[in-house]
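Observations on the model geometry
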Amino acid sequence: MNKTITIAHGNGGEENNELIKKIFYKHFENEILSKSEDAAVIHNGELAFTTDSFTVSPLFFPGGDIGKLAVCGTCNDLAMMGAKPKYLTCSVIIEEGFSTRELEKIVRSMKKELEINGAMVVSGDTKVVPKGSVDKLFINTTGIGEIEHTGISSSNLQEGMSILISRDVGAHGATIFAAREGIMLESSLQTDCASLYPQVKALMDAGIRIVAMRDATRGGVAAVLNEWAKGSEVCIEIDEEKIPVAEEVRGICEMLGFEAVNLANEGTFVLTVNKEDEAKALKVLKHNNENAQIIGTVTRQHDGKVILNSSWGTKRFLDLPTGELLPRIC
Amino acid sequence: MAGLELNNLYDDFRDGKTLQAYARIIAEDAAKLERPINIMEVCGGHTHSIMKFGIPQMMPENVNFIHGPGCPVCIMPKERIDHAYVLAMQPDVILVTLGDMIKVPGSNGSLQDARAKGADVRFVYSPMECIKIAQENPEKKVIFFAIGFETTTPMTAVLLDQVIKQNITNILFHINHVTVPEVMVELIDSRDIHVDSYNNKIDAFLGPSHVSVIAGSKIYEKFPKDYGRPVVVSGFEPVDVMEGISMIVKQFVEKRCELEIQYKRVVTYEGNLNAQKLIETYFDKVDLFRWRGLGNVPESGLKLKDGYAKYDAEVIYRDVLPIAEIEDHKLCICGDILRGMAKPPECTIFGTACKPTTPIGSCMVSSEGACAAYYKYGNLITS
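Residues numbered from 1 in each chain as written. Chains lettered and ligands numbered in written order. Predicted model: local features only at pLDDT ≥ 70, side-chain atom pairs only at ≥ 80, totals over all residues. Heavy atoms only, no water.

What to know about the packing of aromatic side chains
Here is the rule: When two rings of Phe, Tyr or Trp (its six-membered ring) have centres within 6.5 Å they constitute a pair, described as stacked for plane angles under 30 degrees, edge-to-face for angles over 60, and tilted for the intermediate range. Strands here are runs of E lasting at least two residues and helices are runs of H or I lasting at least four, both read from the DSSP assignment and numbered beginning at the N terminus. The buried label goes to any residue with under 20% of its type's maximum accessible area, the exposed label to any with over 50%, and the partly exposed label to all in between, with areas taken from a 1.4 Å probe on protein chains only. For a Lys NZ or an Arg CZ to count as sitting over a ring, it must be within 6 Å of the ring centre and within 35 degrees of the ring normal.
According to the stated counting rule, one finds 11 aromatic pairs over all chains in the structure shown. Considering the side-chain rings of B:Phe350 and B:Tyr375, the 6.4 Å spacing of their centres and the 75° angle between planes classify their relative orientation as edge-to-face. Residue B:Phe350 is located in the loop between helix 13 (334-338) and helix 14 (362-365), and its partner B:Tyr375 is located in helix 15 (residues 370-377); the two are separated by 25 residues in the primary sequence. By relative accessible area, which is 18% here, B:Phe350 ends up buried. Each member of the aromatic cluster is reached from another via a ring pair, and the members are B:Phe205, B:Tyr220, B:Phe223 and B:Tyr227. In this structure, A:Lys105 packs its charged tip against the face of A:Phe60, placed 4.4 Å from the ring centre. If you follow A:Lys305 out to its NZ or CZ, it ends over the ring of A:Phe317, 4.8 Å from the centre.

Here you go:
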């Protein structure tokens, strides 16, 4: 492991995993933490509990802002454990000189998103630090939710189960790249940032037995699938052409040498269900977004690995993203 | 890029049916070959495409790929990376470079590590962004650590041209541009007295299209003529690569040995003459450039002409830049891989001590490198 922390250690991929395992898990180890789910299941399985910090730059981007992200991110982690988001804390670290008008705009955006989830902020903290100590504004939110669907886990996947995706992938990552200074890219891209609880509720109301569910944030769909393949010691086979990717996202990926499956999402989730539930689950997901798709199956071909099948009959592994997400140069 | 529409420009070049059709044509032609052939794709971009799209799985047994030295990040010797590191650590310097370069480990660490220690290291998508950085930081020196083959050299030349025309005084250059044909010659006809024979297995070359967009296909003329190796200049999409391979196989079946262009939609024999002129204005060939894993290759690198020494960071900072050459790790066989004599899995540290997160050899460093492509896309599935 490196002697110093680099940006790559926060990539949601391999370096990030190494840092968490070798430092945090090593010292904090306990039965709940070691399950490494989106949210911890506590209080006799009744509650889900999670935390997340938001450091996005720029703070405002097409389709969202850091406030919306801070509520969606934490509520979605709860929703992914089959829990209804209930109570959040909100902790902000503000750089001196930050505009109060922008701060209020961000908080208003948080309020709107809390309403969609039916959740509320019940505690908080504010710190102001000297200029240069943080990049404008960081937000941490911690959330508690009531579990409504039990038994969701990344270690439950079995041969024959179906893998679904709730919409096209990579929109958030591509939007942030396009919005960054220096790229000068004109596009109509919008982040996918959205609260997922309403969709989860619709799945539960339709009587679908959810085996595993995870929002594909940092590290993208590739990270989720790899975690599941390893967590359940199975192989996940994906049909590459079935992964929905918006044309503009594909364009950015081609230009900068990224893969859409590695890009971050903030309102897209991957779902595992039993084969007999796949059609019904797809129907529910399509009701929210017509790009929802069944993308693959759980097999035993290469346990612990994710395989991408191309439309022309070749196969390759889909690995965890590594390093800082940088454009290829040749 | 403003105004560029990101419509889907490449679907046809990834069409499954077209790819399968090419696979059939290649198999039919390859059945007529008298012996197996080894095609070297010179460029890391091709290696990446070939692995990503699983093209080796579509090849008959007697058509093999060997991977060339065409990744500008992979071939950068450690002492040059140490230059970048030392420059980045200078007070009042902003070191600017392209993408993957910031991940490459030198003897003190990578530019990423330098940044974690407080150095101002930035990566840009276009060298022209240096002008804005220089204008916003008039009290600092912006050093552009320039890397890449014929493809990226004109961008550096345009930046220098603008720096001179706009009389910008705080941009310097550290030039590491290298050229493709010279290293191809090295691979089949080494002039290094320390190497008896490469015993190379290269039968033909797949030439990278983007290099020839600038330099023309003419740069490869000597390979069929003087060295008996056909060259097909090919694009990077899977259909382009498959057509390029098919053209090479056909040449062997028909007993021809020629320079051909698959990527006719952009590449011409002459190339971009304006870009070539601009490069000639500002750059000279260096006598020797040391390639990581390959050693010294005559006339394979560029430097700023003497008249532009005041823009040359290697001249301005010569007192602080290290000069000793640094050898690669003993167990690393990158040299053999870059010469097409070995494949990544043959290396004892491949995927164990040497991984993309902890690269030891040059081929694992950049995503364009042969080892990184094998590791990432796992050619294991075919074996």
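Description of the domain arrangement of chain A
All names here are of chain A. Applicable threshold: The split of the chain into domains comes from an automatic or database domain assignment. For this analysis, residues touch if any pair of their heavy atoms sits within 4.5 Å. What counts as buried area is the accessible surface, traced by a 1.4 Å probe, that two parts surrender upon association, with contributions from both included. Any pair of N or O atoms that falls within 3.5 Å is considered a polar contact. Within protein, one atom must be able to donate a hydrogen and the other to accept it, and sequence-neighbouring residues count only if both atoms are side-chain atoms. Any residue that is not Ala, Val, Leu, Ile, Met, Phe, Trp, Tyr, Cys, Pro, Asp, Glu, Lys or Arg is counted as polar, Gly included; the first ten are nonpolar and the last four charged.
Here the domain parsing of chain A yields domain 1 (31-147) and domain 2 (162-317). Using C-alpha coordinates to define each centre, domain 1 is positioned 23 Å away from domain 2. Opposite the 25 residues of domain 1 that make contact, domain 2 presents 21 residues. For the pair domain 1 and domain 2, the summed buried area comes to about 1800 Å², and 60% of that belongs to carbon and sulfur atoms. When the buried area of domain 1 at its contact with domain 2 is split by residue, Pro 62, Asn 76 and Met 80 rank highest and sum to 30% of it. The interface formed by domain 1 and domain 2 contains nine residue pairs in polar contact (both at pLDDT 80 or more). Those elements giving two or more residues to the side of domain 1 that touches domain 2 turn out to be helix 2 (66-79), strand 5 (83-95) and helix 3 (100-117). Top element by residues in the side of domain 1 that touches domain 2 is helix 2. It accounts for seven residues. For the side of domain 1 that touches domain 2, the class distribution of residues is 11 nonpolar, eight polar and six charged.

Here we look at the pattern of salt bridges
Note the following rule: The working definition used for a salt bridge is a side-chain nitrogen of Lys or Arg within 4 Å of a carboxyl oxygen of Asp or Glu.
Evaluation of the coordinates by the stated rule reveals 36 salt bridges over all chains. Of the charged contacts in the structure, one is a salt bridge between A:Glu278 and A:Lys275, with a shortest N-O distance of 3.4 Å.

Overview of the domain arrangement of chain B
Residues and elements named next belong to chain B. Segmenting chain B into domains produces domain 1 (78-177 + 272-316) and domain 2 (334-377). In this structure, domain 1 and domain 2 have C-alpha centres spaced 26 Å apart. Of the residues lining the interface, six residues belong to domain 1; the matching set on domain 2 comes to nine residues. Both sides of the domain 1 and domain 2 interface together cover about 650 Å² of buried area, and 58% of this is carbon and sulfur. When residues of domain 1 are sorted by the area they lose upon contact with domain 2, Asp 100, Arg 292 and Leu 294 head the list and together hold 60% of the total. The tally of links between domain 1 and domain 2 comes to zero salt bridges. At the surface where domain 1 touches domain 2, the tally comes to zero residue pairs in polar contact (both at pLDDT 80 or more). Partitioned by chemical class, the residues of the side of domain 1 that touches domain 2 number three nonpolar, one polar and two charged.

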